[in-house]
Amino acid sequence: MKITFIVPPPLDNEKPAERTAGCTRVVYPMPNIYELIVAGLLEAEGYDVAYRDFALDKYDQRKLEEFLLSDQSDCYLIWTVNLSIQTDVLALQIIRKHRENAQVLFLGPGATYFPQKLVCDNNVIAVRGEPEQTVKEVIGLINSRNEWRHCKGISYLKDGSLCNNPSRPLITDLDILPFPARHFIEKYHFSNPKLKAHPYTTVLTSRNCPFQCIYCVPSSLTFAREIEYKKENRKKPPVSFRSVGNIIAELDLLAQSGYKSIAFIDDNFIVSAKRLRPICEAVKKTQLQMGLSGQSRCHYGRNCQNTR
(Lines give C-alpha, C1' and ligand atoms only; values in the text may rest on other atoms or scores of the structure.)
Protein backbone atom coordinates (compact mmCIF):
# COMPACT_ATOMS: atom_id res chain seq x y z
CA MET A 1 0.00 0.00 0.00
CA LYS A 2 1.41 3.36 -1.01
CA ILE A 3 0.70 6.32 1.27
CA THR A 4 1.62 9.92 0.48
CA PHE A 5 1.56 12.86 2.88
CA ILE A 6 0.66 16.03 1.01
CA VAL A 7 1.14 19.64 2.06
CA PRO A 8 -0.87 21.44 -0.64
CA PRO A 9 0.27 24.69 -2.20
CA PRO A 10 -1.73 27.70 -1.02
CA LEU A 11 -4.92 27.71 -3.09
CA ASP A 12 -6.75 30.52 -1.27
CA ASN A 13 -4.71 33.51 -2.51
CA GLU A 14 -3.04 33.76 0.92
CA LYS A 15 0.42 32.90 2.22
CA PRO A 16 0.71 29.25 3.26
CA ALA A 17 -0.77 28.42 6.65
CA GLU A 18 1.79 27.53 9.33
CA ARG A 19 0.61 24.01 10.13
CA THR A 20 2.73 23.36 13.22
CA ALA A 21 1.60 26.32 15.29
CA GLY A 22 -1.62 26.42 13.31
CA CYS A 23 -2.50 30.00 14.21
CA THR A 24 -0.60 32.09 11.67
CA ARG A 25 0.72 32.25 8.14
CA VAL A 26 4.27 31.11 7.46
CA VAL A 27 6.93 33.59 8.57
CA TYR A 28 9.81 31.14 8.56
CA PRO A 29 9.11 27.47 7.82
CA MET A 30 9.01 24.98 10.67
CA PRO A 31 9.26 21.20 10.25
CA ASN A 32 5.89 19.64 11.01
CA ILE A 33 7.15 16.87 13.24
CA TYR A 34 3.57 16.04 14.25
CA GLU A 35 2.79 14.55 10.86
CA LEU A 36 6.35 13.20 10.56
CA ILE A 37 5.73 11.08 13.67
CA VAL A 38 2.70 9.60 11.89
CA ALA A 39 4.82 9.05 8.77
CA GLY A 40 7.45 7.25 10.84
CA LEU A 41 4.78 5.08 12.44
CA LEU A 42 3.43 4.01 9.05
CA GLU A 43 6.94 3.32 7.76
CA ALA A 44 7.54 1.09 10.78
CA GLU A 45 4.39 -0.82 9.81
CA GLY A 46 5.96 -1.59 6.44
CA TYR A 47 3.99 0.74 4.17
CA ASP A 48 5.46 2.55 1.18
CA VAL A 49 5.40 6.12 2.50
CA ALA A 50 6.13 9.32 0.57
CA TYR A 51 6.02 12.99 1.53
CA ARG A 52 5.36 15.95 -0.78
CA ASP A 53 5.40 19.53 0.49
CA PHE A 54 4.15 21.70 -2.36
CA ALA A 55 4.18 24.80 -0.15
CA LEU A 56 7.88 24.54 0.75
CA ASP A 57 8.72 23.66 -2.84
CA LYS A 58 6.88 26.86 -3.83
CA TYR A 59 4.83 24.89 -6.32
CA ASP A 60 1.39 25.90 -7.52
CA GLN A 61 -1.85 24.12 -8.40
CA ARG A 62 -0.50 23.07 -11.79
CA LYS A 63 2.37 21.19 -10.14
CA LEU A 64 -0.06 19.46 -7.76
CA GLU A 65 -2.19 18.36 -10.71
CA GLU A 66 0.85 17.11 -12.63
CA PHE A 67 1.88 15.06 -9.61
CA LEU A 68 -1.58 13.53 -9.21
CA LEU A 69 -1.79 12.64 -12.90
CA SER A 70 1.19 10.29 -12.55
CA ASP A 71 0.97 9.27 -8.89
CA GLN A 72 -0.51 5.94 -7.86
CA SER A 73 -0.86 6.34 -4.10
CA ASP A 74 -3.68 4.40 -2.47
CA CYS A 75 -4.06 6.96 0.31
CA TYR A 76 -3.26 10.64 0.87
CA LEU A 77 -2.84 12.22 4.31
CA ILE A 78 -3.17 15.96 4.92
CA TRP A 79 -2.46 17.70 8.24
CA THR A 80 -5.03 20.48 8.31
CA VAL A 81 -5.40 23.53 10.56
CA ASN A 82 -8.14 26.14 10.76
CA LEU A 83 -6.26 28.58 8.52
CA SER A 84 -5.71 25.93 5.85
CA ILE A 85 -9.29 24.64 5.60
CA GLN A 86 -10.12 26.53 2.40
CA THR A 87 -6.92 25.38 0.70
CA ASP A 88 -7.38 21.79 1.86
CA VAL A 89 -10.98 21.60 0.62
CA LEU A 90 -9.77 22.78 -2.79
CA ALA A 91 -6.87 20.31 -2.65
CA LEU A 92 -9.36 17.50 -2.04
CA GLN A 93 -11.34 18.58 -5.10
CA ILE A 94 -8.15 18.43 -7.16
CA ILE A 95 -7.32 14.99 -5.79
CA ARG A 96 -10.80 13.80 -6.71
CA LYS A 97 -10.40 15.16 -10.24
CA HIS A 98 -7.48 12.82 -10.85
CA ARG A 99 -7.75 10.10 -8.16
CA GLU A 100 -11.45 9.46 -7.71
CA ASN A 101 -11.17 6.38 -5.50
CA ALA A 102 -8.07 7.16 -3.45
CA GLN A 103 -8.57 7.28 0.29
CA VAL A 104 -7.96 10.69 1.86
CA LEU A 105 -7.32 11.16 5.58
CA PHE A 106 -7.36 14.60 7.17
CA LEU A 107 -5.50 14.99 10.49
CA GLY A 108 -5.02 17.86 12.94
CA PRO A 109 -7.24 20.51 14.52
CA GLY A 110 -8.99 21.37 11.25
CA ALA A 111 -10.15 17.78 10.90
CA THR A 112 -11.10 17.67 14.58
CA TYR A 113 -13.12 20.89 14.65
CA PHE A 114 -14.47 21.02 11.10
CA PRO A 115 -15.02 17.43 9.91
CA GLN A 116 -18.25 18.52 8.22
CA LYS A 117 -16.26 20.82 5.90
CA LEU A 118 -13.80 18.13 4.84
CA VAL A 119 -15.69 14.85 4.75
CA CYS A 120 -17.56 15.13 1.47
CA ASP A 121 -17.46 11.60 0.03
CA ASN A 122 -17.24 7.99 1.17
CA ASN A 123 -13.46 7.81 0.73
CA VAL A 124 -12.63 10.71 3.05
CA ILE A 125 -11.92 10.22 6.75
CA ALA A 126 -11.37 12.92 9.37
CA VAL A 127 -9.01 11.70 12.09
CA ARG A 128 -9.88 13.65 15.21
CA GLY A 129 -7.64 14.45 18.19
CA GLU A 130 -4.37 12.63 18.80
CA PRO A 131 -3.84 10.92 15.43
CA GLU A 132 -1.19 8.21 15.65
CA GLN A 133 -3.07 5.17 16.92
CA THR A 134 -6.18 6.03 14.93
CA VAL A 135 -4.25 6.35 11.67
CA LYS A 136 -2.41 3.10 12.36
CA GLU A 137 -5.66 1.20 12.94
CA VAL A 138 -7.61 2.74 10.06
CA ILE A 139 -4.82 2.27 7.51
CA GLY A 140 -4.30 -1.31 8.67
CA LEU A 141 -7.97 -2.13 8.17
CA ILE A 142 -8.12 -0.41 4.77
CA ASN A 143 -4.99 -2.25 3.66
CA SER A 144 -6.44 -5.62 4.71
CA ARG A 145 -9.80 -4.72 3.11
CA ASN A 146 -11.59 -5.01 6.43
CA GLU A 147 -14.32 -2.76 7.83
CA TRP A 148 -12.82 0.42 9.30
CA ARG A 149 -15.95 2.40 10.17
CA HIS A 150 -16.04 1.13 13.75
CA CYS A 151 -12.72 2.80 14.63
CA LYS A 152 -12.73 5.31 17.45
CA GLY A 153 -11.67 8.88 16.76
CA ILE A 154 -12.87 9.21 13.17
CA SER A 155 -15.62 10.99 11.24
CA TYR A 156 -16.93 9.76 7.88
CA LEU A 157 -20.00 9.70 5.67
CA LYS A 158 -22.63 7.01 5.94
CA ASP A 159 -25.70 7.18 3.71
CA GLY A 160 -24.89 10.82 3.03
CA SER A 161 -24.74 11.83 6.71
CA LEU A 162 -21.69 12.65 8.82
CA CYS A 163 -20.94 10.04 11.47
CA ASN A 164 -18.72 11.00 14.40
CA ASN A 165 -17.45 7.90 16.17
CA PRO A 166 -16.60 8.07 19.89
CA SER A 167 -13.25 9.59 20.83
CA ARG A 168 -10.14 7.44 21.12
CA PRO A 169 -8.40 7.39 24.53
CA LEU A 170 -5.15 9.33 24.72
CA ILE A 171 -1.87 7.51 24.24
CA THR A 172 -0.64 6.57 27.70
CA ASP A 173 2.97 5.84 26.73
CA LEU A 174 4.47 8.26 24.23
CA ASP A 175 7.66 6.20 24.10
CA ILE A 176 5.89 3.68 21.86
CA LEU A 177 5.89 6.27 19.07
CA PRO A 178 8.80 6.49 16.62
CA PHE A 179 10.96 9.56 16.27
CA PRO A 180 9.79 11.93 13.51
CA ALA A 181 10.70 10.70 10.03
CA ARG A 182 12.93 13.70 9.33
CA HIS A 183 14.53 12.07 6.28
CA PHE A 184 11.47 13.20 4.32
CA ILE A 185 12.39 16.87 4.81
CA GLU A 186 16.19 16.74 4.62
CA LYS A 187 16.22 18.68 1.34
CA TYR A 188 14.56 21.70 2.93
CA HIS A 189 16.33 24.44 4.85
CA PHE A 190 14.75 25.28 8.20
CA SER A 191 15.99 28.07 10.41
CA ASN A 192 15.27 29.79 13.68
CA PRO A 193 16.31 33.44 14.04
CA LYS A 194 17.36 32.73 17.64
CA LEU A 195 19.73 29.93 16.63
CA LYS A 196 22.56 30.42 14.17
CA ALA A 197 23.89 26.88 13.77
CA HIS A 198 22.59 24.65 10.97
CA PRO A 199 21.09 22.16 10.25
CA TYR A 200 18.22 22.96 12.62
CA THR A 201 15.17 21.00 13.71
CA THR A 202 12.53 20.89 16.43
CA VAL A 203 11.89 18.39 19.21
CA LEU A 204 8.69 17.59 21.12
CA THR A 205 9.07 16.01 24.56
CA SER A 206 5.53 16.34 25.95
CA ARG A 207 1.95 17.09 24.98
CA ASN A 208 -0.30 19.78 26.45
CA CYS A 209 0.05 22.23 29.34
CA PRO A 210 -1.71 21.97 32.74
CA PHE A 211 -2.56 25.66 33.11
CA GLN A 212 -5.60 27.67 31.98
CA CYS A 213 -4.15 30.88 30.52
CA ILE A 214 -6.64 32.65 28.26
CA TYR A 215 -3.96 34.33 26.13
CA CYS A 216 -2.18 31.14 25.08
CA VAL A 217 -2.47 29.61 21.61
CA PRO A 218 -1.45 25.96 21.79
CA SER A 219 0.34 24.02 19.07
CA SER A 220 -1.80 22.41 16.39
CA LEU A 221 -1.32 18.95 17.93
CA THR A 222 -2.36 20.19 21.37
CA PHE A 223 -5.30 22.08 19.85
CA ALA A 224 -6.59 18.90 18.20
CA ARG A 225 -6.00 16.96 21.41
CA GLU A 226 -7.85 19.53 23.53
CA ILE A 227 -10.82 19.94 21.19
CA GLU A 228 -11.44 16.21 21.13
CA TYR A 229 -10.84 15.56 24.84
CA LYS A 230 -13.02 18.44 26.01
CA LYS A 231 -16.02 17.17 24.05
CA GLU A 232 -16.40 14.19 26.36
CA ASN A 233 -14.55 15.28 29.50
CA ARG A 234 -15.31 19.03 29.71
CA LYS A 235 -11.73 19.82 30.75
CA LYS A 236 -8.25 19.96 29.29
CA PRO A 237 -6.48 16.64 28.76
CA PRO A 238 -3.65 15.71 31.12
CA VAL A 239 -0.08 16.43 30.14
CA SER A 240 1.69 13.44 28.63
CA PHE A 241 5.47 13.10 28.84
CA ARG A 242 8.05 11.12 26.96
CA SER A 243 10.60 9.47 29.24
CA VAL A 244 13.93 11.21 29.71
CA GLY A 245 15.70 8.17 28.29
CA ASN A 246 13.60 8.30 25.12
CA ILE A 247 14.31 12.02 24.69
CA ILE A 248 18.05 11.55 25.20
CA ALA A 249 18.05 8.79 22.57
CA GLU A 250 16.51 11.22 20.07
CA LEU A 251 19.01 13.97 20.95
CA ASP A 252 21.90 11.55 20.46
CA LEU A 253 20.46 10.50 17.09
CA LEU A 254 20.08 14.12 15.99
CA ALA A 255 23.68 14.91 16.93
CA GLN A 256 24.92 11.80 15.11
CA SER A 257 22.86 12.80 12.06
CA GLY A 258 24.61 16.16 11.86
CA TYR A 259 22.05 18.50 13.38
CA LYS A 260 23.62 21.50 15.11
CA SER A 261 20.68 23.23 16.78
CA ILE A 262 17.23 22.37 18.07
CA ALA A 263 14.21 24.12 19.53
CA PHE A 264 11.90 22.43 21.98
CA ILE A 265 8.30 23.08 20.92
CA ASP A 266 6.48 21.66 23.94
CA ASP A 267 3.47 23.68 25.06
CA ASN A 268 5.28 24.01 28.39
CA PHE A 269 8.82 22.68 28.30
CA ILE A 270 9.79 23.73 31.84
CA VAL A 271 6.71 22.48 33.65
CA SER A 272 8.78 19.79 35.40
CA ALA A 273 12.17 20.76 36.82
CA LYS A 274 12.87 17.11 37.65
CA ARG A 275 12.96 16.12 33.98
CA LEU A 276 14.33 19.45 32.75
CA ARG A 277 17.80 19.06 34.26
CA PRO A 278 18.77 15.71 32.65
CA ILE A 279 17.38 16.86 29.29
CA CYS A 280 19.47 20.03 29.40
CA GLU A 281 22.52 18.04 30.47
CA ALA A 282 21.98 15.76 27.48
CA VAL A 283 21.76 18.78 25.16
CA LYS A 284 25.02 20.11 26.60
CA LYS A 285 26.68 16.74 26.10
CA THR A 286 25.67 16.58 22.44
CA GLN A 287 26.82 20.22 21.95
CA LEU A 288 23.57 21.09 20.23
CA GLN A 289 22.49 24.72 20.36
CA MET A 290 19.19 24.81 22.21
CA GLY A 291 16.28 27.18 22.04
CA LEU A 292 12.65 27.40 23.11
CA SER A 293 9.87 28.56 20.82
CA GLY A 294 8.17 30.61 23.53
CA GLN A 295 6.85 27.54 25.30
CA SER A 296 8.14 28.36 28.77
CA ARG A 297 5.94 31.40 29.34
CA CYS A 298 3.19 29.53 31.22
CA HIS A 299 5.40 28.07 33.94
CA TYR A 300 3.82 30.38 36.50
CA GLY A 301 0.39 30.16 34.91
CA ARG A 302 -1.27 29.09 38.14
CA ASN A 303 -0.41 32.54 39.55
CA CYS A 304 -1.42 34.45 36.44
CA GLN A 305 -4.33 36.85 36.77
CA ASN A 306 -5.42 36.16 33.20
CA THR A 307 -6.58 32.60 33.76
CA ARG A 308 -9.92 30.95 33.39
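Anything mentioned here points back to the structure above.
Summary of the structure given here. (Residues numbered from 1 in each chain as written. Predicted model: local features only at pLDDT ≥ 70, side-chain atom pairs only at ≥ 80, totals over all residues. Heavy atoms only, no water.)

As enumerated under the stated definition, the model contains 18 salt bridges in all. The closest approach of N and O atoms between Lys 187 and Asp 57, which form a salt bridge, is 3.5 Å. Placement of the pair is Lys 187 in the loop between strand 7 (161–164) and strand 8 (200–203) and Asp 57 in the loop between strand 2 (48–53) and helix 2 (61–70), with a sequence separation of 130 residues. When its relative accessible area of 19% is taken as the criterion, Asp 57 is described as buried. Its salt-bridge partner being Glu 65, residue Lys 97 comes within 3.2 Å of it at the nearest N-O pair. Taken together, the residues span a long stretch of sequence, with Lys 97 in helix 3 (residues 85–98) and Glu 65 in helix 2 at a distance of 32 residues. Judged by relative accessible area, Glu 65 falls into the buried class, the value being 13%. Sharing partners across several salt bridges, the network here consists of Glu 130, Glu 132, Arg 207 and Arg 225. (Salt bridge = Lys/Arg side-chain N within 4 Å of Asp/Glu carboxyl O. Helix = DSSP H or I, 4+ residues; strand = E, 2+ residues; numbered from the N terminus. Buried < 20%, exposed > 50% of the residue type's maximum accessible area, 1.4 Å probe, protein only.)

Quick look at the sheet that holds strand 6 (residues 154–158) now. Overall, mixed pairing links the seven strands, which are arranged 2-1-3-4-5-6-7 in an open sheet. Here the strands that pair on one side only, and so sit at the sheet edges, are strand 2 and strand 7. Direction aside, the axes of adjacent strands within the sheet are offset by 25° on average. With two bridges joining them, strand 5 (residues 124–127) and strand 6 adopt antiparallel strand pairing. In the strand pairing of strand 6, Val 127 is matched with Ile 154. (Pairing = 2+ DSSP bridges. Axes fitted to C-alpha atoms, helices over the stretch in contact; angles between N-to-C directions.)

Tracing the sequence through the fold places Lys 236 in the loop between helix 7 (220–233) and strand 10 (240–241). Separated by 2.9 Å, the side chain of Lys 236 and the backbone oxygen of Cys 209 make a polar contact. Within polar-contact distance, the side chain of Lys 236 engages the backbone oxygen of Phe 211 at 2.5 Å. Those residues in contact with Lys 236 that sit more than four places away from it in its chain are Cys 209, Pro 210, Phe 211, Gln 212, Glu 226, Tyr 229 and Lys 230. (Polar contact = N/O pair within 3.5 Å; in protein donor to acceptor, adjacent residues only side chain to side chain. Contact = heavy atoms within 4.5 Å.)

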